Amino acid sequence: MLTVHTNPIAPSLIEPTVLLDGLPDVVLVVDTEGCLRWVNAAAERQLRWRRAEWLGRSVLDIVHPDDLAGALASIGTIQGKDFGTPIEVRVADAEGGWHWMEVVGSNQLANDQIAGIVLVVRDITQRRMWEVAGADVARFQQVIQHAPSITMLLDGEGVITSVNGAFTRLLGFDPSVVVGQSLEAFVSDASSPVLRDALRSLGDGGRSLTIELAMKRLDHDQLRPVRFELANLLSDPIVAGVVVSGYDVTELQRVREELEHMASHDALTGLANRSLLLTRLDYYLTVNRSVAVVFIDLDRFKPVNDLFGHEAGDALLREVAERLEAVVRPGDLVARVGGDEFVALSPGIGGWVAASSLADRIESALSQTYDLDVGPVKIGASVGVAISDPFSTVASLLADADVRMYNAKSDRRGMTTRTMVERRRSATERRRLADELTFGLSRGEVVAHLQPILDLATGHLVGVEALARWNHPQLGLLAPGSFMDLVEDAGLDVVLGAAVLESACVAIADLRAKGITVQLALNLSIGQLADPLLCDNMCAVLARFGLEMSDLVIEITERATLARHGSVGMSSPDDTLRELHAAGALLSLDDFGTGYSSLTHVRRFPLSSLKVDQLFVAGMCDHPEDRAVVDVIVGLASALGLLVVAEGVETREQWEMLRHMGCNHAQGFLMAPPMAGPTAVRWIEDHIAARRLIP
Ligand code: C2E
Ligand code: MG
Ligand code: MG
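Residues numbered from 1 in each chain as written. Chains lettered and ligands numbered in written order. Predicted model: local features only at pLDDT ≥ 70, side-chain atom pairs only at ≥ 80, totals over all residues. Heavy atoms only, no water.

1. Some remarks on the pairing of strand β23 (residues 609-612)
Heads up, the rule is: Only protein chains enter the accessibility calculation, which uses a 1.4 Å probe; a residue whose area is less than 20% of its type maximum is buried, one above 50% is exposed, and one in between is partly exposed. Strands are runs of DSSP state E lasting at least 2 residues, helices are runs of H or I lasting at least 4, and numbering of each runs from the N terminus. Two strands make a pair as long as DSSP finds a minimum of two bridges between them.
Taking every second residue as pointing to the same face, both faces of β23 are buried, with S609 and K611 on one and L610 and V612 on the other. Of the strand pairs in this sheet, strand β22 (residues 586-592) and β23 are connected by three bridges, and their pairing is parallel. Looking at β23, one finds that S588 is bridged to S609. When β23 meets strand β24 (residues 643-647), the two strands line up parallel, connected through four bridges. Bridging across to β24, K611 finds its partner in V645.

2. With respect to the nonpolar core
So the rule is basically this: Joining through side-chain atoms within 4.5 Å is the link that ties buried Ala, Val, Leu, Ile, Met, Phe, Trp, Tyr and Cys residues into a set, and such a set is a nonpolar core. Domain start and end points were adopted from an automatic or database domain assignment.
Core analysis: the biggest nonpolar cluster contains 104 residues, and L552, I554 and L580 have the highest contact counts within it. If one sorts the elements of this core by residue count, helix α18 (residues 493-513) sits on top with nine residues. Mapping this core onto the domain boundaries places at least three of its residues in each of domain 3 (267-416) and domain 4 (435-687). Ranked by size, the runner-up nonpolar core spans 33 residues in total, among them L271, A312, I349 and A381.

3. A few points about the coordination of the magnesium ion (ligand 2)
Short version of the rule: We call an atom a donor if it is N, O or S and sits within 2.8 Å of the metal, or 3.2 Å for Na, K and Ca. Water is not counted, so some sites may look partial.
Looking at the magnesium ion (ligand 2), the protein donor atoms are E465 (OE), N523 (OD1), E555 (OE) and D590 (OD), and they sit 1.9 to 2.2 Å from it. A distance of 4.2 Å spans the gap from the magnesium ion (ligand 2) to the magnesium ion (ligand 3), which D590 bridges by coordinating each metal. Of this pair, N523 sits in strand β20 (residues 519-523) while D590 sits in strand β22, and the two are 67 residues apart along the sequence. In this structure D590 comes out as buried when scored by relative accessible area, which is 5%.

4. Comments concerning the coordination of the magnesium ion (ligand 3)
Every protein donor of the magnesium ion (ligand 3) is accounted for by D590 (OD), D591 (OD), E647 (OE) and E647 (OE), and the metal-donor separations fall at 2.0 to 2.4 Å. Sequence positions of the donors to the magnesium ion (ligand 3) reduce to the motif D-D-x55-E. Exposure remark for D591: the relative accessible area of 24% places this residue in the partly exposed category.

5. Quick notes on the site of ligand 1
This is how the line gets drawn: We call a residue near a molecule or strand as soon as one heavy atom of that residue lies within 4 Å of the molecule or strand. Pairing of N or O atoms within 3.5 Å defines a polar contact, subject to two protein rules: one partner must be a possible hydrogen donor and the other a possible acceptor, and residues neighboring in sequence count only if both atoms are side-chain atoms. The Shrake-Rupley method, run with a 1.4 Å probe sphere, supplies the accessible areas, and residue values consider only the shown protein chains as cover. For this classification, Asp, Glu, Lys and Arg are treated as charged, while Ala, Val, Leu, Ile, Met, Phe, Trp, Tyr, Cys and Pro are nonpolar and the rest, including Gly, are polar.
Within the structure, ligand 1 sits among 23 residues, and R469, D590, Q614, E650 and F669 are positioned closest to it. D591 is positioned with one of its side-chain polar atoms (N or O) 3.1 Å from an oxygen atom of ligand 1. Within the side chain of E647, an N or O atom sits 3.2 Å from an oxygen atom of ligand 1. Look at ligand 1: alone it shows 790 Å² of surface, and the protein chains cover 82% of it. At the level of secondary structure, the elements contributing two or more residues to the shell around ligand 1 comprise β18 (461-472) and β22. The leading source of residues in the shell around ligand 1 is β18, at four residues. Looking at the shell around ligand 1 residue by residue, the class counts come to 10 nonpolar, six polar and seven charged.

6. Topic: the domain arrangement of the protein chain
We note that the domain assignment places domain 1 (11-123), domain 2 (130-254), domain 3 (267-416) and domain 4 (435-687) within the protein chain. Using only C-alpha atoms to locate each centre, domain 3 and domain 4 end up separated by 30 Å.

7. Description of a nonpolar patch on the surface
The condition that has to hold: Residues with no salt bridge and a relative accessible area higher than 30% make up the patches, which join like charges within 9 Å and nonpolar side chains (Val, Leu, Ile, Met, Phe, Trp, Tyr) within 5 Å. Think of a salt bridge as a Lys or Arg side-chain nitrogen and an Asp or Glu carboxyl oxygen that are within 4 Å of each other.
Nonpolar side chains collect at one region of the surface, where I14, V18 and L19 lie side by side and expose about 280 Å² of accessible area between them. By the secondary structure assignment, I14 is in the segment before α1 (16-22). I14 sits in the partly exposed class, given a relative accessible area of 42%.

8. Focus: the sheet that holds strand β6 (residues 150-154)
So the rule is basically this: Simply put, an axis is a line fit to the C-alpha atoms, just over the touching stretch for a helix, and the angle between two N-to-C directions goes from 0 to 180 degrees.
In spatial order, the strands read β7-β6-β10-β9-β8; together these five strands make up an open sheet with antiparallel pairing. The strands lining the two open edges of the sheet, one partner per strand, are β7 (160-163) and β8 (208-215). Within this sheet the neighbouring strands show an average axis-to-axis angle of 25°, counted without direction. As judged from the eight bridges shared by β8 and strand β9 (residues 224-233), these two strands associate in the antiparallel manner. For T210, the partnering residue across the bridge sits in β9 and is E229.

9. Some words on the packing of helix α20 (residues 534-544) against helix α22 (residues 573-582)
Using the following cut-off: Handedness of a crossing is defined here by the sense of rotation of the near helix relative to the far one, left-handed for an anticlockwise turn of less than a right angle and right-handed for a clockwise turn. Residue contacts are counted whenever heavy atoms from the two residues lie within 4.5 Å of one another.
Direction vectors running N to C along α20 and α22 enclose 35°, while the axes themselves pass 9 Å from each other. For the pair α20 and α22, the sense of crossing is right-handed. Across the interface between the two elements, L534, C535, D536 and M538 of α20 pack against T576, E579 and L580 of α22. In terms of residue class, the contact of α20 with α22 is built from four nonpolar, one polar and two charged.

10. Details of helix α11 (residues 274-286)
Filter applied, for reference: Multiplying one less than the number of residues by 1.5 Å gives the expected span of a helix.
Across its 13 residues, α11 extends 18 Å between first and last C-alpha, which sits within 8% of the 18 Å expected from 1.5 Å per residue. Among the residues of α11, those classed as buried are R274, L276, L277, L278, L281, Y284 and L285. A distance of 3.2 Å separates the backbone nitrogen of S275 from a side-chain oxygen at the start of α11, and that oxygen is part of N273. Positive phi appears at N288, one or two residues downstream of α11, with a value of about 60°.

11. Observations concerning the pattern of salt bridges
If you walk through the whole model with that rule in mind, you get 28 salt bridges. Between E555 and K611 there is a salt bridge whose closest N-O contact spans 2.6 Å. Of this pair, E555 sits in strand β21 (residues 552-557) while K611 is found in strand β23, placing the two residues 56 residues apart along the sequence. Of the residues examined, E555 reaches a relative accessible area of 2% and is grouped as buried. A salt bridge links E656 to R659; the shortest N-O distance between them is 2.9 Å. Taken together, the residues E656 and R659, both in helix α26 (residues 652-661) and three residues apart, mark about one turn of the helix. What makes R659 partly exposed here is its relative accessible area of 36%. Three or more residues are tied together by salt bridges with common partners; here these are E465, E555, K611 and E647.

12. Considerations on the sheet that holds strand β2 (residues 36-39)
Pairing is antiparallel across the open sheet formed by five strands, whose spatial order is β2-β1-β5-β4-β3. Strands with a single pairing partner mark the edges of an open sheet, and in this sheet they are β2 and β3 (87-92). Mean inter-strand twist for the sheet, computed between neighbouring axes without regard to direction, equals 35°. Relative to strand β4 (residues 98-108), β3 is paired through six bridges, and the arrangement is antiparallel. When the sheet's bridge partners are listed, A92 is paired in β4 with W98.

13. Observations concerning the packing of aromatic side chains
Quick reminder of the rule: Stacked, tilted and edge-to-face are the three classes applied to pairs of Phe, Tyr and Trp rings, where Trp contributes its six-membered ring and a pair requires centres within 6.5 Å; stacked means planes under 30 degrees apart, edge-to-face means over 60, and tilted covers the rest. Each ring is checked for a lysine NZ or an arginine CZ that lies within 6 Å of its centre and within 35 degrees of its normal; such an atom marks a charge sitting over the ring.
Applying the stated criterion across every chain, the model contains five aromatic pairs. Note on W49 and W54: the rings are 5.9 Å apart at their centroids and 15° apart in plane angle, and the pair reads as stacked. Both residues of the pair, W49 and W54, count as buried. Ring centres 5.8 Å apart and planes at 55° place the aromatic pair Y283 and Y284 in the tilted group. For Y283, a relative accessible area of 48% corresponds to the partly exposed category. For Y284, a relative accessible area of 6% translates into the label buried. Ring pairs connect the aromatic residues F167, F173 and F186, which therefore count as one cluster. Its guanidinium or amino end placed over the ring of Y370, R323 lies 3.6 Å from that ring's centre, counting from NZ or CZ.

In structure tokens:
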């Protein structure tokens, strides 16, 4: 038997620091803040930190940001006990590499000689790698290989270092070709910058990202949209890369596109719908691109629909859509905005000559005979054109084209047209007028004239409409037609609205004092509806005259309700109207029947009445179509429990016809024109005194 004799060394002969420096693990002492007070030689061997440089620094500085919370918690809890629970954290070496370390602490705060927390830190990177490469690895590799979604590992430069089978199945490339290549080699040119940005942001420390890339296919078939999730594990000592998983979103994209198309197109004709039209027009105006707007209204469409049925009507509309698409230029947009109303947008058009020629082409294309299943059909089209100027808004351009379209229609019928807003003033002239108006408003030149509204059945006065008038020092009394467009463009709506309300209140309060109560109808503009303080300010003015919101009928045009206000600090017309209604005001839809999606608006707002546009009243005695429109409006209103007010009543014949139709109220020159406050008060007193039943 072999006996080995060893000479035991007396413990007191070994210096404790020599012993500690001989340990393979890093041993360090930190204070309660985590600042390094002492460290053994292993720190230099394992982490390359020079002891002298490291002393005094916080150990937390070299812990991986993702592991910091755990490390802090651990320092916190050890203070209450003798030994901490081992934790595993990533720690940076002096060269920027990461190591998985197991750290266990011993609380020596009470020990006078140490007065700190002793940490024993062991590098377990190798052990972790072995764990990963354990028995399950082959099975796990198979799982990844056959997973339905793409799994890849990229290095920091975006080069693919490994890839699973899904990549080949989806795109056709063999893994032997793929590995070692940059991922960018497989994405479309358009997607390259997206990928590069993503990698750059991960390189800058980003944790994870989702991007969508159009991927090339080996067979050069269509590009495949793939959504990739990128997880940054570059600082993980074992993975040391970007883990990418990706799945095919072709189907998702198809559904998304279909939904987008449905939301922006008319189902019957496939043309753009109103919402796309507004967006596109808004875009052209925002980027200062000149654009022509052509408003198209079919003549005699209704008889086709009524006589031959809806199928024929639908076929006709589809044919109209095709003809419109054929005559506009590539890049123009054609939209269907109502039953038989269309709008063509032509960006970058040269001027009135080009725009008129487009309008002529449209008119002539649409008036050719249509060969429908029911036989040949002929209809016509009324066309109105507007061209943008630097002051145009979406609403003003559409309204201009609409007005001109009506003029065209009325001309054809041999009628005198309703006043057309002349917007083609020069820019300097507009600026001068806007300045004058600002000054005029401050001097009280803008006042309300009042026009009585009577009950058609009894002839009794029910209210007055306030209509703005500008007492221009040189030009005399101006009606809104000659300055309202300036008001909108110059943003004077709010000031003008306040002046009109104030001036009308003087007369209404005067009548109140005489024991006469009438409702005041007030027109509100787009700009006023965008003012978040409108309701409060109006209440304040009314209160000064002893009046209330419930004394008001707010008249709005459909154009005003269509306006969108995206800017900060602006209210949406819908919200303002609802606020006014909640405060007691009644709401009335003005100029009803002149285009736009009328029924939608009738349903959208808590309305009490509709005002039939004077165009139809003017034409109703001579044109059956106009009479039919008024009839339909009266029917619609009564079905919905709304009152109908006819404006522009000029003859006894119109008055009688409206009364027979069941229209409720009327307003017009037959009874009285808009009158200055005191004149209106006198007229009303006389009217009541005379107990006149009909005019
Ligand atoms: P509206 O609200 O539809 O007003 C009716 C218009 O018809 C008024 O034109 C009125 O003078 C006119 N009118 C009344 N009776 C007859 C008639 O028998 N025959 C004819 N041919 N016309 C008649 P006005 O005063 O020129 O106002 C035009 C439009 O300007 C108004 O149309 C309204 O939309 C707008 N407006 C007027 N005052 C204001 C205002 O204070 N604020 C805002 N935002 N808009 C206003
Ligand atoms: Mg009105
Ligand atoms: Mg009106």
